[in-house]
Amino acid sequence: MITTGITVSSKVCMLELLAKQDFKLALYSINAELDCYTAEYTSTNEARGKGYKAGGLDLANPRVWVEDEQAYLTWDSPVIPVSTISANGFMIYCPTMDNRSIFIGSWNATYTSTEGPFTINISPEQVCLS
């Protein structure tokens, strides 16, 4: 039997190639309009506050793995050590590829820090090719 489809090996290859790029995570306020059609980083309604710079945070230590025929890409969760900021979601984007967005995340709530750490928990399954 022959089954048509993208191989798991090619999914891993695509994510491994992607993981070699630089990535950033930008935070956004409740007023941001972001969805799967958002093609690139935008500063419109980006979160503002102490400890956070426009353009976001660098993502480090990319990891790619396979589980149940799906390939995953994730990074370490970034932390702003001392911040006063509120955010409702985020965008992961690639500055080395014309600021193209690769993931939009909504928390469906407002998260706030006041003169303390702000940790963005990145799910192990953040970017998935299924």
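Residues numbered from 1 in each chain as written. Predicted model: local features only at pLDDT ≥ 70, side-chain atom pairs only at ≥ 80, totals over all residues. Heavy atoms only, no water.

Visitor: I would appreciate a short explanation of the sheet that holds strand 2 (residues 57-58) in the present structure.
Guide: Where strands meet in a sheet, backbone hydrogen bonds hold them as pairs that are either parallel or antiparallel. Read across the sheet, 4 strands follow the order 2-1-5-6 without closing on themselves; strand pairing throughout is antiparallel. Each edge of the open sheet carries a strand with a single partner, namely strand 2 and strand 6 (100-119). One ladder, built from 12 bridges, connects strand 5 (residues 79-94) with strand 6; its direction is antiparallel. For Ile80, the partnering residue across the bridge sits in strand 6 and is Phe118. (Pairing = 2+ DSSP bridges. Helix = DSSP H or I, 4+ residues; strand = E, 2+ residues; numbered from the N terminus.)

Visitor: What should I look at first to understand the nonpolar core in this one?
Guide: One broad trend across soluble globular proteins is that nonpolar side chains are buried collectively. Counting residues in each nonpolar core, the largest one holds 30 residues, and the members touching the most others are Leu25, Leu27 and Trp75. Among the secondary structure elements, those contributing two or more residues to this core are helix 1 (8-19), strand 1 (24-28), strand 4 (70-74) and strand 5. Here the element with the most residues in this core is strand 5; it accounts for 8 residues. Those residues in contact with Trp75, other than ones at most four positions away along the chain, are Phe23, Leu59, Ala60, Asn61, Pro62, Arg63, Ile92, Ile102, Ile122 and Val127. (Core = buried A, V, L, I, M, F, W, Y, C linked by side-chain atoms within 4.5 Å. Buried < 20%, exposed > 50% of the residue type's maximum accessible area, 1.4 Å probe, protein only. Contact = heavy atoms within 4.5 Å.)

Visitor: Is there a simple way to think about the side chain of Lys11 in this case?
Guide: For Lys11, the location among the structural elements is in helix 1. As a buried residue without a salt bridge, Lys11 has its nearest oppositely charged side chain in Glu69, at a separation of 6.1 Å. Other than its neighbours up to four places away in sequence, Lys11 contacts Ile6, Glu69, Ala71, Leu129 and Ser130. (Lys, Arg positive; Asp, Glu negative; His and termini not counted. Salt bridge = Lys/Arg side-chain N within 4 Å of Asp/Glu carboxyl O.)

Visitor: Even after reading the chapter, I still don't get the packing of aromatic side chains, so can you show me in this structure?
Guide: Two aromatic rings, taken as a pair, are described by how far apart their centres are and by the angle between their planes. Here the structure, examined in full by the defined rule, presents 7 aromatic pairs. Their ring planes at 20° and their centres at 4.6 Å tell us that Tyr41 and Tyr93 sit as a pair that is stacked. Of the two residues, Tyr41 is situated in the loop between strand 1 and strand 2 and Tyr93 in strand 5; the sequence distance between them amounts to 52 residues. Under the relative-accessibility criterion, Tyr93 is labelled buried at 4%. (Phe/Tyr/Trp six-rings, centres within 6.5 Å; stacked < 30°, edge-to-face > 60°.)

These figures come from the coordinates and say nothing about function on their own.
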